[in-house]
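# Notes for the structure review
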Amino acid sequence: MKLEIWWLYLGAVVLISATPGPNVLYVTTRSIRFGFSAAMAGMTGCLSALLIILIASVAGVSAFMLAVPTAFEILKYAGAAYLIFLGIQTWRAPIVPPPQLATSPRETPSRVSLYRGGFLVGISNPKLLVFAAAFFPQFIAPDAPWAPQFAILVASFLAVEASFYVLYSLTSRRFAAHLTQADWQRRFNRVSGVIFAGFGCALLRYRP
């Protein structure tokens, strides 16, 4: 892969990753509510799902899903349902008293639970399959070995995505102090819930 092609790809990936989506929202909400280490557990789940989707897209799953509309529809509705469920769950999240905020062991989910939540959010978006299948070929030279190019593209994508997760998580921690107030907690939960549900509804409207 030529260096100028990689720089062009890197610029495109930075623009894509900088745009907040369900994964970023999941990581930042966990950072604000439970702390940075909890956000990193969720981030790992999101990145694991992203890696699987990128590999699957190149392996032909995207082409299969586009050729078999029923398969795409099933995944689309399942992903939308999970995001809407997560939105309702976030909306109804209990208000935590100030002494317990981000410190109570009973309140903080396990790392496995946080990882699982991040993975489900990341894997529930079939649009990424179609996007990756159309995006990667634009930067792969047909006359060069395929595997090394793919490895570079995937590794770069994951590195940029992880960097933005960390950036958003650290930035969002500045708002954590406001969540010692019940009114701010309630507003945060409801706004986050509406955004999650909005992503789910948008997914329902998506047509490849």
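Residues numbered from 1 in each chain as written. Predicted model: local features only at pLDDT ≥ 70, side-chain atom pairs only at ≥ 80, totals over all residues. Heavy atoms only, no water.

Next up on the list: the overall build of the protein chain. Within the protein chain, the regular secondary structure consists of 9 helices and 0 strands. Going from N to C terminus, the protein chain has its helices and strands arranged as α-α-α-α-α-α-α-α-α. The burial tally for the protein chain puts 42% of its 208 residues in the buried class. Counted over contacts in the protein chain with a minimum sequence separation of 6, partners at least 24 positions apart contribute 89%. Of the roughly 10,700 Å² of accessible surface on the protein chain, 70% is carried by carbon and sulfur atoms. (Helix = DSSP H or I, 4+ residues; strand = E, 2+ residues; numbered from the N terminus. Buried < 20%, exposed > 50% of the residue type's maximum accessible area, 1.4 Å probe, protein only. Contact = heavy atoms within 4.5 Å. Areas by Shrake-Rupley, 256 points an atom, 1.4 Å probe, with all protein chains shown as cover.)

Moving on, we come to the packing of helix α3 (residues 36-59) against helix α6 (residues 111-123). At a minimum axis separation of 7 Å, α3 and α6 run at an interaxial angle of 40°. Classified by the interaxial angle, the pair formed by α3 and α6 is oblique. Here the hand of the crossing between α3 and α6 comes out right-handed. Contacts from S37, A38, A41, G42, T44, G45, C46, S48, A49, I52 and I53 of α3 reach α6 at R111, L114, Y115, G118, F119, G122 and I123. Along the lines of polarity and charge, the residues of the contact of α3 with α6 split into 10 nonpolar, 7 polar and 1 charged. (Axes fitted to C-alpha atoms, helices over the stretch in contact; angles between N-to-C directions. Parallel < 35°, antiparallel > 145°, perpendicular 65-115°, else oblique. Left-handed = near helix turned anticlockwise from the far one by under 90°. Nonpolar A, V, L, I, M, F, W, Y, C, P; charged D, E, K, R; others polar.)

By secondary structure assignment, the location of A93 is in the loop between α5 (69-91) and α6. Sequence separation of A93 and R186 is 93 residues, and the distance between their C-alpha atoms is 8.3 Å.

In this section: the side chain of Q149. Mapped onto the secondary structure, Q149 falls in helix α8 (residues 146-172). When sequence neighbours within four positions are dropped, the list of residues in contact with Q149 reads M1, F139, I140, A141 and A144.

Let us now look at helix α2 (residues 22-34). When the terminal C-alpha atoms of α2 are compared, their 18 Å separation across 13 residues agrees well with the 18 Å that a helix rising 1.5 Å per residue should span. Of all 13 residues that make up α2, 13 are buried, and the element is covered over most of its length. Within two residues after α2, G35 carries a phi angle of roughly 115°, on the positive side. (Expected span 1.5 Å × (residues − 1).)

Our focus in this paragraph is the packing of aromatic side chains. For the structure shown, the criterion picks out 3 aromatic pairs. Between the aromatic rings of W6 and W7, the centroid separation amounts to 5.0 Å while the plane-to-plane angle is 70°, which identifies the pairing as edge-to-face. By relative accessible area, which is 52% here, W7 ends up exposed. Relative to F119, the ring of Y115 has its centre 6.5 Å away and its plane inclined at 20°; by these criteria the two rings are stacked. Of this pair, Y115 and F119 both sit in helix α6, 4 residues apart, roughly one helical turn. For Y115, a relative accessible area of 32% puts it in the partly exposed group. (Phe/Tyr/Trp six-rings, centres within 6.5 Å; stacked < 30°, edge-to-face > 60°.)

With that out of the way, let us pick up the environment of V58. Positionally, V58 belongs in helix α3. According to the relative accessible area criterion, V58 is partly exposed, its value standing at 29%. Sequence separation between V58 and F136 is 78 residues, and the spatial gap between their C-alpha atoms is 8.1 Å. Setting aside residues no more than four positions away along its own chain, V58 makes contact with F136, W146 and F150.

Let us look at the confidence of the model for the protein chain. Do not read the predicted coordinates in detail wherever pLDDT is low. For the protein chain, the mean per-residue pLDDT works out to 78, and 78% of the residues sit at or above 70. Per-element confidence in the protein chain ranges from a low mean pLDDT of 63 for helix α4 (residues 61-67) to a high of 91 for α6. Across residues 98-103 the pLDDT falls below 50, and counting only partners more than four positions away or on other chains, this stretch makes 10 contacts in the model. (pLDDT = per-residue confidence, 0-100.)

Locating S17 in the fold gives a position in helix α1 (residues 3-18). Overall, the relative accessible area of 3% leaves S17 in the buried class. Discounting chain neighbours no more than four positions away, the residues touching S17 are V160, E161, F164 and Y168.

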